[in-house]
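Residues per chain, in single letters:
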Amino acid sequence: MYDAIAQAAMFLLTPGNLGWLALGTVLGLVAGTLPGISGVSMMALILPFTYGMAPETAVLMLVGVYAASTYSSSTGGILYNIPGGAAGIPATVEGYRLAQKGRIGQALSGDIYASFFGSVIGFLGALILTPLFIAVASMLGTAERGLFALLALVLVGTGALSRADPLRGILSVGLGLMIATVGMQPNTGFVRYVQAFPQMWDGVNLIWLIVGLYAIPQTFRLATIEQYFRTTRDADLHYDIRAETRDYLSYAGRHKGLIIRTGLMGTLVGALPGLGTVAASWLGYQEAYRSSKNKDEFGKGSLEGLTGAETANNAAVPTTLVPLLALGIPGSAASSLILGAFLLAGVHPGPRMMEVNPETVWAILLGLFLTGFFFVIFGLPFHRVAVYITKMRPAYLIPAIVAFSAIGTFLATGFVEGIYITLLIGLIAMLLERLHLSISNILLGAILGPIIEQELVTAFAIGGIDRFARPGSLILLTIIAVFLIYGLAKNLLPALAGAFAPFRGGAASGGVER
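Treat the numbers as computed from the prediction; the structure is a model and nothing was measured. (Residues numbered from 1 in each chain as written. Predicted model: local features only at pLDDT ≥ 70, side-chain atom pairs only at ≥ 80, totals over all residues. Heavy atoms only, no water.)

A. Highlighting the overall build of the chain. A tally of helices and strands in the chain yields 23 helices and two strands. For the chain, the residues scored as buried account for 53% of the 514 residues in total. Pairs at least 24 residues apart make up 79% of the contacts formed inside the chain by residues separated by at least 6 positions. Carbon and sulfur atoms make up 69% of the accessible area of the chain, which amounts to about 22,100 Å² in all. (Helix = DSSP H or I, 4+ residues; strand = E, 2+ residues; numbered from the N terminus. Buried < 20%, exposed > 50% of the residue type's maximum accessible area, 1.4 Å probe, protein only. Contact = heavy atoms within 4.5 Å. Areas by Shrake-Rupley, 256 points an atom, 1.4 Å probe, with all protein chains shown as cover.)

Below is the structure:
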């Protein structure tokens, strides 16, 4: 293990890899701060250009974007009340009101350092959880691996551990699984649906899917917020960085219990598929409120609320990659894109990765740790230019996004037809968003679908139906059934009760009249 860590450190500390990680961090800062551009969208844009890179280098850059965009998702919220992502909403609620009170330096400094503390706690948690996940995964057979991937989809689709709409969640996952069945069946070689299109015999290319689902719809979103850019107020970012840093570190020392608790909560939540940074952010915010002696400040500019939310959501970033590295199963949209980078490079994450390529696992985890320092180093001066980034007109961004999408799609596949397919996927994604279907669920279903199919078909070919009657398989099947029933019942029963209430009321009133 120590040899692998040493090799990973030597690989990571080369100027080239540090440069790519730093570039990813800067792009993540911009993506999180700029309204209309999220970290996942930025990852989707640059993913095609990582084709041909060493897999560790490509993933390091994507990890930098992911971690930095999670931190900076609240920067735009503090400045203009426009969070760069859903994970930044709780910090926006408190940070924007702090800024309105003239305490913008306190809000921005708290944002940076709470994020840094969370990333360190999450990194330590990932070091502990990754070997545990790998140890469990090494005991799983083909049937168990397929069922575990199916369990991840059930958790995500039903919203069993969150407040998601189960019908739309399951439908989104189902659409993703349908996309996964396009092309050649892995065990028989039979081509499904696209016999007349050889370019698609290998299935819907990940680049087409990712760029179409995330990058193309961004152009339409940016076009709709042009008016807001004209009306946002100017922000005064002048404050004493040293003084604010000193004051916040003193504040953090007095509230170290809150930072540790919310960091641990975020670490554990991040490892659960389907939850990730958004759920961690709200749980950290709620914990800050629960333990606060100044509850009346919440919603009016509470530094405790900002600290709890930002510590938790950044602690979740490293552990969202744990299921991916240990099991080959992404638990979020961002980790799905990172899995895409691995697959494009011909690397398949999973339990054997620690045996075959342990230095890759350690390089990624150490890269996450370094990213925490990078967004502190870059984040402090970045606030000076953040106001100009948020003022950038969408009219300049839209052509750039379209051009990068088209060029990246063509370079990754070499098919001109891929550009048209990507555009079609983007238009369909816009329609699906209007129907409130989850794009990230569709992507997860499309990525995990082939894994589930290959593992389950292989298990059946080896041992028949008895392969699924082993204790491990039965336990997983039971858990899947419990979460599926619970997730649907929790959300559907109240809705059905409300739907039939008028009929019950009408029958009762009719009886009285008679």
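Having seen the model, we can carry on.
B. Layout of the pattern of salt bridges. For the structure shown, the criterion picks out three salt bridges. Among the salt bridges present, the one from Arg192 reaches Glu453, with a minimum N-O distance of 2.8 Å. With Arg192 in strand S2 (residues 191-192) and Glu453 in helix H22 (residues 439-463), this residue pair connects regions lying 261 residues apart in the sequence. Glu453 carries the same exposure label as Arg192, and that label is buried. In this structure, the salt-bridge partner of Arg261 is Glu287, at a minimum N-O distance of 2.8 Å. One end of the pair, Arg261, is in helix H13 (residues 256-270); the other, Glu287, is in helix H14 (residues 276-291), with 26 residues separating them in the sequence. When its relative accessible area of 33% is taken as the criterion, Arg261 is described as partly exposed. Look at Glu287 and you get buried, because its relative accessible area is 10%. (Salt bridge = Lys/Arg side-chain N within 4 Å of Asp/Glu carboxyl O.)

C. Highlighting the nonpolar core. Of all hydrophobic cores here, the largest spans 63 residues; its most connected members are Met43, Leu213, Ile338 and Leu443. Per-element accounting of this core gives the leading share, nine residues, to helix H10 (residues 206-224). Residues within four places of Leu213 in sequence aside, it is in contact with Ile425, Ala429, Ile439, Ile442 and Leu443. (Core = buried A, V, L, I, M, F, W, Y, C linked by side-chain atoms within 4.5 Å.)

D. Main features of the packing of helix H2 (residues 15-33) against helix H4 (residues 55-72). Close contact between H2 and H4 brings their axes to 6 Å; oriented N to C, the two are set at 35°. Crossing hand, H2 versus H4: right-handed. Residues Asn17, Trp20, Leu21, Leu23, Gly24, Thr25, Leu27, Gly28, Leu29, Gly32 and Thr33 of H2 pack against Thr57, Leu60, Met61, Gly64, Val65, Ala68, Ser69, Tyr71 and Ser72 of H4. In terms of residue class, the contact of H2 with H4 is made up of ten nonpolar, ten polar and no charged. (Axes fitted to C-alpha atoms, helices over the stretch in contact; angles between N-to-C directions. Left-handed = near helix turned anticlockwise from the far one by under 90°. Nonpolar A, V, L, I, M, F, W, Y, C, P; charged D, E, K, R; others polar.)

E. Summary view of the side chain of Thr25. Here Thr25 lies in helix H2. Apart from residues lying up to four places away in sequence, Thr25 is in contact with Gly64, Val65, Ala68, Thr371, Phe374, Phe375 and Phe378.

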